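# Inside the fold
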Amino acid sequence: MAGGPASLSPHLRSAETPVRTMSLFPSLPFLLLSVVTASCVETETCENLQKTCPVIACGSPGINGFPGKDGRDGAKGEKGEPGQGLRGLQGPPGKLGPQGISGTPGLPGAVGSKGDPGICLNCDTSQAASEREALRSELGQIKKWLIFSLGKQVGKKLFLTSGESMTFDRAKDLCTKFGASVATPMNDEENRAIRNVAREVAFLGFTDMENEGQFVDLTGRSITYVNWNDHEPNNAGSGEHCVTILTDGKWNDVACSSSLLAVCEFPV
């Protein structure tokens, strides 16, 4: 050891080579390790190197290394108990979304009950009522004049004649035009009223066009009151399907194409 660096053993010379080589790297831990090792060689033998000069005791602490990789995620824990704190306030409602597509129309509902009559705010109700009453009175006077001069009323029937002769089909059309029908007596009183109005032979509203010998009114109902003349109806010539009232009130079957007086029956 007194001979200096030249007298070092070949083993120690060989140790210097890696020291010089590693000093080329800019690694501080390796540099410190080389310095400590060299100082120990000059003071003691290599047999006592580990006892008197540990690397950790003699050198400065090294810097921290890079952190290691993250470990794998552990198993998921069990769900915890719900908290005991107060529930927060409900937030404000969100924005109104876009309007959806209209659905198919539903079935029509039931018809409602009839409402109360309306009130005309611009009308003088007292004047309207008086006008209606005056019109009603005037119509009543006309009705009485008609009954007195031209017609006869029996119960809820009013019998009138136009004084014109025509076929049975024309008589039906004439009565229908005025909301009436050809006179159809249902009892002796109505039969007399028709005779007094006509004063001559006139058509009655009976026919057996559908079934020969089975006379019905113009609505198809069988007649229960009859006042046939002797030996009538006889369907003379196989073409008498209409009925007339004679001047004495008796009935006779005649051809519907005959030209006779028309007597109409109005409901009252």
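See the structure shown above.
Scope of this entry: the structure provided in the associated data block. In this text the structure is predicted, and so the values were computed from the model without any measurement.

## Some thoughts on the state of the cysteines
- Tallied over the entire structure, the rule returns two disulfides.
- A disulfide bridge connects Cys175 with Cys264, and the sulfur atoms are separated by 2.0 Å. A torsion of -85° about the S-S bond marks the disulfide between Cys175 and Cys264 as left-handed. Taken together, the positions of Cys175 in helix 6 (residues 168-177) and Cys264 in strand 8 (residues 260-267) put the pair 89 residues apart, joining distant regions of the chain.
- Its relative accessible area of 0% is what places Cys175 among the buried residues.
- The side chain of Cys242 participates in a disulfide bridge whose partner is Cys256; the two sulfur atoms lie 1.9 Å from each other. Across the S-S bond linking Cys242 and Cys256, the dihedral sits near 100°, which makes this disulfide right-handed. Residue Cys242 is found in strand 6 (residues 242-245), and its partner Cys256 is found in the loop between strand 7 (251-254) and strand 8; the two are separated by 14 residues along the sequence.

## Looking at a nonpolar patch on the surface
- Together, Leu135, Leu139 and Ile142 make up an exposed nonpolar region whose accessible area comes to about 280 Å².
- Here Leu135 is to be found in helix 5 (residues 125-149).

## Let's talk about the pairing of strand 7
- Side chains Trp251 and Asp253 of strand 7 all project onto a buried face; the interleaved residues Asn252 and Val254 project onto the opposite face, where all are buried too.
- Of the pairings in the sheet, the one linking strand 6 to strand 7 comprises four bridges and is antiparallel in character. The residue of strand 7 that forms the bridge with Val243 is Asp253.
- Joining the antiparallel neighbours strand 6 and strand 7 is a turn of five residues, in which Gly249 adopts a positive phi near 95°.

## Topic: the nonpolar core
- One finds Phe159, Ile194, Leu204, Val243, Trp251 and Val263 to be the most contacted residues of the largest nonpolar core, which totals 19 residues.
- Those elements that place two or more of their residues in this core are helix 7 (188-198), strand 4 (202-207), strand 6 and strand 8.
- Beyond its immediate chain neighbours, meaning those up to four positions away, Ile194 contacts Phe159, Ala183, Pro185, Leu204, Ile245 and Val263.

## Topic: the packing of aromatic side chains
- With the rule as written, the count across this model stands at five aromatic pairs.
- Between the aromatic rings of Phe206 and Trp251, the centroid separation amounts to 5.2 Å while the plane-to-plane angle is 35°, which identifies the pairing as tilted. With Phe206 in strand 4 and Trp251 in strand 7, the pair connects residues that are 45 residues apart, well separated along the chain. Each member of the pair, Phe206 together with Trp251, is buried.

## Examining the pairing of strand 2 (residues 157-166)
- For strand 1 (residues 152-154) and strand 2, the ladder comprises three bridges, and the chain directions are antiparallel. Looking at strand 2, one finds that Val154 is bridged to Lys157.
- Between the antiparallel neighbours strand 1 and strand 2 lie two residues, among them Gly155 with a positive phi of about 60°.
- Pairing geometry for strand 2 and strand 8, over seven bridges, is antiparallel. Across the sheet, Phe159 pairs through a bridge with Glu265, a residue of strand 8.

## Considering the pattern of salt bridges
- For the coordinates displayed, the defined rule picks out six salt bridges.
- Of the charged contacts, one joins Lys157 and Glu265 as a salt bridge, the two residues approaching to 3.6 Å between their closest N and O atoms. Note that Lys157 is positioned in strand 2 and Glu265 in strand 8, a separation of 108 residues in sequence. The same class applies to Lys157 and to Glu265, which are both buried.
- Where Asp169 meets Lys172, a salt bridge forms, and the shortest distance between an N and an O atom there is 3.8 Å. Taken as a pair, Asp169 and Lys172 lie in helix 6 at a separation of three residues, close to a single helical turn.
- A relative accessible area of 45% means that Asp169 is categorised as partly exposed.
- Residue classification places Lys172 among the partly exposed residues on the basis of a relative accessible area of 29%.
- A network of salt bridges, in which partner residues are shared, links Lys157, Glu190 and Glu265.

About the cut-offs
- Here the residue numbers are simple positions, counted from 1 along each chain's written sequence.
- The model is predicted, so local features are restricted to residues of pLDDT at least 70 and side-chain atom pairs to those at 80 or more, both for listing and for counting; the totals for chains, interfaces and linings are taken over all residues.
- Only hydrogens and water are removed before side-chain values are computed, so all heavy atoms of the structure are retained for them.
- Disulfides are defined as pairs of cysteine sulfur atoms found within 2.5 Å of each other.
- Runs of H or I in DSSP of at least four residues are treated as helices and runs of E of at least two as strands, each being numbered from the N terminus.
- Exposure is judged per residue with a 1.4 Å probe applied to protein chains only, and the accessible area is read against the type maximum: over 50% gives exposed, under 20% gives buried, and values in between give partly exposed.
- What makes a patch is a set of residues exposed beyond 30% relative accessible area and free of salt bridges, joined within 9 Å when like-charged and within 5 Å when nonpolar (Val, Leu, Ile, Met, Phe, Trp, Tyr).
- Calculation of accessible area relied on Shrake-Rupley with a 1.4 Å probe; when residues are assessed, cover is drawn exclusively from the protein chains displayed.
- What makes a salt bridge here is a side-chain nitrogen of Lys or Arg within 4 Å of a carboxyl oxygen of Asp or Glu, nothing more.
- The pairing criterion is simple: DSSP has to find at least two bridges between the two strands.
- We define a nonpolar core as any set of buried Ala, Val, Leu, Ile, Met, Phe, Trp, Tyr and Cys residues linked to one another through side-chain atoms lying within 4.5 Å.
- Whether two residues touch is decided by their heavy atoms; if any such pair falls within 4.5 Å, the residues are in contact.
- Between the rings of Phe, Tyr and Trp (Trp by its six-membered ring), a pair exists once the centres lie within 6.5 Å; its type follows the angle of the planes, with under 30 degrees stacked, over 60 edge-to-face, and the other angles tilted.

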